[in-house]
Amino acid sequence: MVSVTGEQSGQIELAIGGMTCASCAARVEKKLNRIEGVTATVNYATEKAKVSFPVGVTPADLIATVEKTGYTAEVPPLPKTRASAGEHPAAAGVDELRPLRTRLIAALVLSVPVVAMAMVPAWQFTNWQWLSLTLAAPVVTYAGWPFHKAAWTNLRHGAATMDTLISVGTLAAFGWSLWALFFGTAGMPGMRHAFEFTINRSDGSVNIYLEAAAAVITFILAGRYFEARAKRRAGAALRALLELGAKDVAVLRNGREERIPTDELVVGDVFVVRPGEKIATDGVVEEGSSAVDASLLTGESVPVEVGPGEAVVGATVNAGGRLLIRATRVGADTQLAQMAKLVEDAQTGKAQVQRLADRISGIFVPIVIALSLATLGFWIGTGAGLTAAFAAAVAVLIIACPCALGLATPTALMVGTGRGAQLGILIKGPEVLESTQTIDTVVLDKTGTVTTGKMALVDVVTADGTSEDEVLRLAGALEDASEHPIASAIAKGATERVGELGTVEDFANVEGLGVQGVVDGHAVLVGRPQLLADWSQHLSPELERAMSAAQARGETAVAVGIDGQARAVLTVADQIKPTSADAITQLKALGLRPVLLTGDNETVARTVAASVGIDDVIAEVLPKDKVDVVKQLQVDGRTVAMVGDGVNDAAALAQADLGLAMGTGTDVAIEASDLTLVRGDLRAAADAIRLSRRTLRTIKGNLFWAFAYNVAAIPLAAAGLLNPMIAGAAMAFSSVFVVSNSLRLRRFKTLNSNDSAVPVADSTTPETVPAGS
């Protein structure tokens, strides 16, 4: 996955193999960053490296550098390839955990009797120690081979990692036991030793450590297995996104349908989607109409009606009729692939807190080895005995393994971003999480964000003796013949309320004023009051008041004349999204000050703000001035989040400390934002901030416990108060604890509301306009 930006540099994503801990990732990252002009970020959890490199450096050079460091590197396949059923390891049924699980099972079966005999003196029959050696040897050699191999590779490259600690600690325990059995007194028939699962200082009487060596490897293998399984579960949201797409598609070629793999689609192809089938890729409907279920992709439960000329998104399900769709985006350019890339980028990135943890783990290993040697020398020097000194030194090596540090951030980030993707919240990078912690002001664009951005019929006021249904049937039929947005809104509203409309004859558009015609034998006028006045049809006082009231609210009102008399006033307006008021309440509950920012006039803006509970309004702002509003708020000391959906919001989204783009908006807005809300629901903004903050809290909690664990445990081990087996169990538990804590993010839920739609002002003009002009 290589992209070259200009002539100066390129970017590449590499899949790194052979890493076993955070120190490995730190080492690979350090080696890559030593290349002049290269900037690299390596993530242990995702096993990916994101590398920016200058002209003169090739991907082959980067791969060679990684391989010289003792690891493997390759360019992963494109998203569309990974989405294919047979090519992704998970999709192909490849069990990536099988080798690790096999070693774990072998270690568990063999080490349990070794530990049992060591712990229960009653089971220590004559020559039991030799059976222990027979059982423990395969555990240390076969089950522990990955640790020893990695330690040797690192040693050849002059480095020490977590595997070095594990290998040195277990081999030391095993080596000491061999010496004691063959050259000491431990091999004598009838040898016994007591085992107390308590924290105390060894007096040197226990002189074999076979149970410690076997149990440590078993515990660590178990910890790594559950870590690996958790990492795979944490990335399930990304894989689910990639596997949402259709695997094959019926393409029209030379007038005939031809079934081909989705990967072979090209832009411009026309393909057939039957009811119940997934739409293969992003496109535009050429023929047919249907309801499309986009819930898998957007979380919206209500199907969307589509017809000729309307855009559809790949991986959504055709719930109605047969559609012919022309492909407009394929492969990595589709919305599905871009969503997956956003999630993957977020999981590959690193927050500042993670960079700190990586730096610490990078220097941690040599320090721990030095502490272990110092512990050994200290206890020998104080006359505590070689055995007690050795036990303390090995415990230091084992307890210090900082795998928990390395997993603290990436696992929480993976689970958090994955859960966000499931809820329609796409987090672009880990630094976004830190931004959500400090924002105190949220600036909201009006049209398309707080409101639907679409005109709708919201009120009908009729003269005495006039039926509302009759007005809608006649006026709706006349407006249905016009293409004006206001006319479309009236026609749609009339159809929804009264059903079948009348038949129109002699339709005419009166430029600047409205429309006129004959509907079922009735002469009908719809438009400005001036149009009716030209036909000597004047509004009654009641209709005049309705017209004035609509204008005062910033709504658009049109007059209706039927058979020579003014009969009604129809009011059309943009509508507040049903969930906007609830979203504002949620944002306030998060400690944020909402500000409505719009180019509409003050009356319209105040009406919207009052309807949803916003106190601060900035109205009549030109698109190019929106960014200046955000800058001014920042100058005033506010940390600003911006929510928008249009091209005119892009600069403000980029300027804001945190940009949130509605996924129903433009690509430009989405590109300029930090968070993308796939659902066109403002509550998703509150959910995104809640999820981001909770993910950041989880990361900080993980780091705290991982650091606290090492700080507390190393002195105990150095003091000889932890035997190596307890140290190994505690070390493995710390890693499992961190991963389990991160997985709690999978239970994050959105807050729901059942508010109904509220009519608000038109986003274009607050005065009466000709409905058919």
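Everything numeric here is computed off the predicted structure, so don't read it as measured data.

A short note on the overall build of the protein chain
Helices and strands together make up the secondary structure of the protein chain, namely 27 helices and 28 strands. Counting across all 773 residues of the protein chain, residues that qualify as buried make up 54%. Long-range contacts, defined here as pairs at least 24 residues apart, represent 71% of the contacts in the protein chain between residues at least 6 apart. As presented, the protein chain carries roughly 31700 Å² of accessible surface, and 56% of it is formed by carbon and sulfur atoms.

Overview of a positive patch on the surface
Among the surface-exposed residues, Arg694, Arg697, Arg744, Arg747 and Lys749 lie close enough to one another that they form a single positively charged patch. Mapped onto the elements of the fold, Arg744 is located in the loop between α27 (724–743) and β28 (758–759).

Observations concerning the UniProt feature "transmembrane region" (unreviewed entry) in the protein chain
Within this numbering scheme, the UniProt entry marks residues 104–122, 128–145, 165–186, 206–226, 360–380, 386–409, 702–719 and 725–743 as carrying the feature "transmembrane region" (unreviewed entry). Annotated as 94% helix and 0% strand, the span residues 128–145 places its first and last C-alpha atoms 25 Å apart. Spanning residues 702–719, this segment combines 94% helix with 0% strand, and its end C-alpha atoms are found 26 Å apart.

Digging into the side chain of Ser111
Among the structural elements, Ser111 can be located in helix α4 (residues 98–119). For Ser111, a relative accessible area of 4% translates into the label buried. Polar contacts involving the side chain of Ser111 include one to the main-chain carbonyl oxygen of Ala107, which spans 2.6 Å. Only 3.0 Å separates the side chain of Ser111 from the side chain of Thr218, close enough to count as a polar contact. What Ser111 contacts, discounting residues up to four positions off in sequence, is Val139, Ala214 and Thr218.

Brief notes about the side chain of Asp282
Mapping Asp282 onto the fold places it in strand β9 (residues 282–287). Lacking a salt bridge, the buried Asp282 has Arg329 as its closest oppositely charged neighbour, with an N-O distance of 4.3 Å. There is a polar contact of 2.8 Å between the side chain of Asp282 and the backbone nitrogen of Gly314. In contact with Asp282, not counting residues within four places along its chain, are Val312, Val313, Gly314, Arg326, Ala327, Thr328, Arg329, Thr334 and Gln335.

A look at the pairing of strand β21 (residues 556–562)
Within β21, seven of the seven residues are buried, which leaves the element mostly enclosed by the surrounding structure. Judged by which residues are buried, β21 turns out to be covered on both faces: Thr556, Val558, Val560 and Ile562 on one side and Ala557, Ala559 and Gly561 on the other are all buried. Of the pairings in the sheet, the one linking strand β20 (residues 522–527) to β21 comprises four bridges and is antiparallel in character. Bridging from a neighbouring strand, Val526 pairs with Val560 of β21. Of the pairings in the sheet, the one linking β21 to strand β22 (residues 565–576) comprises seven bridges and is antiparallel in character. From the neighbouring strand, Val558 faces β22, where its bridge partner is Leu570. The loop that links β21 with its antiparallel partner β22 comprises two residues; one of these, Asp563, has a positive phi angle of about 50 degrees.

Analysis parameters
- Residues numbered from 1 in each chain as written.
- Predicted model: local features only at pLDDT ≥ 70, side-chain atom pairs only at ≥ 80, totals over all residues.
- Heavy atoms only, no water.
- Helix = DSSP H or I, 4+ residues; strand = E, 2+ residues; numbered from the N terminus.
- Buried < 20%, exposed > 50% of the residue type's maximum accessible area, 1.4 Å probe, protein only.
- Contact = heavy atoms within 4.5 Å.
- Areas by Shrake-Rupley, 256 points an atom, 1.4 Å probe, with all protein chains shown as cover.
- Patch = residues over 30% accessible without salt bridge, like charges linked within 9 Å, V, L, I, M, F, W, Y side chains within 5 Å.
- Salt bridge = Lys/Arg side-chain N within 4 Å of Asp/Glu carboxyl O.
- Lys, Arg positive; Asp, Glu negative; His and termini not counted.
- Charge placed at Lys NZ, Arg CZ, Asp CG, Glu CD.
- UniProt positions renumbered as here; feature names shortened; annotations may be inferred.
- Polar contact = N/O pair within 3.5 Å; in protein donor to acceptor, adjacent residues only side chain to side chain.
- Pairing = 2+ DSSP bridges.

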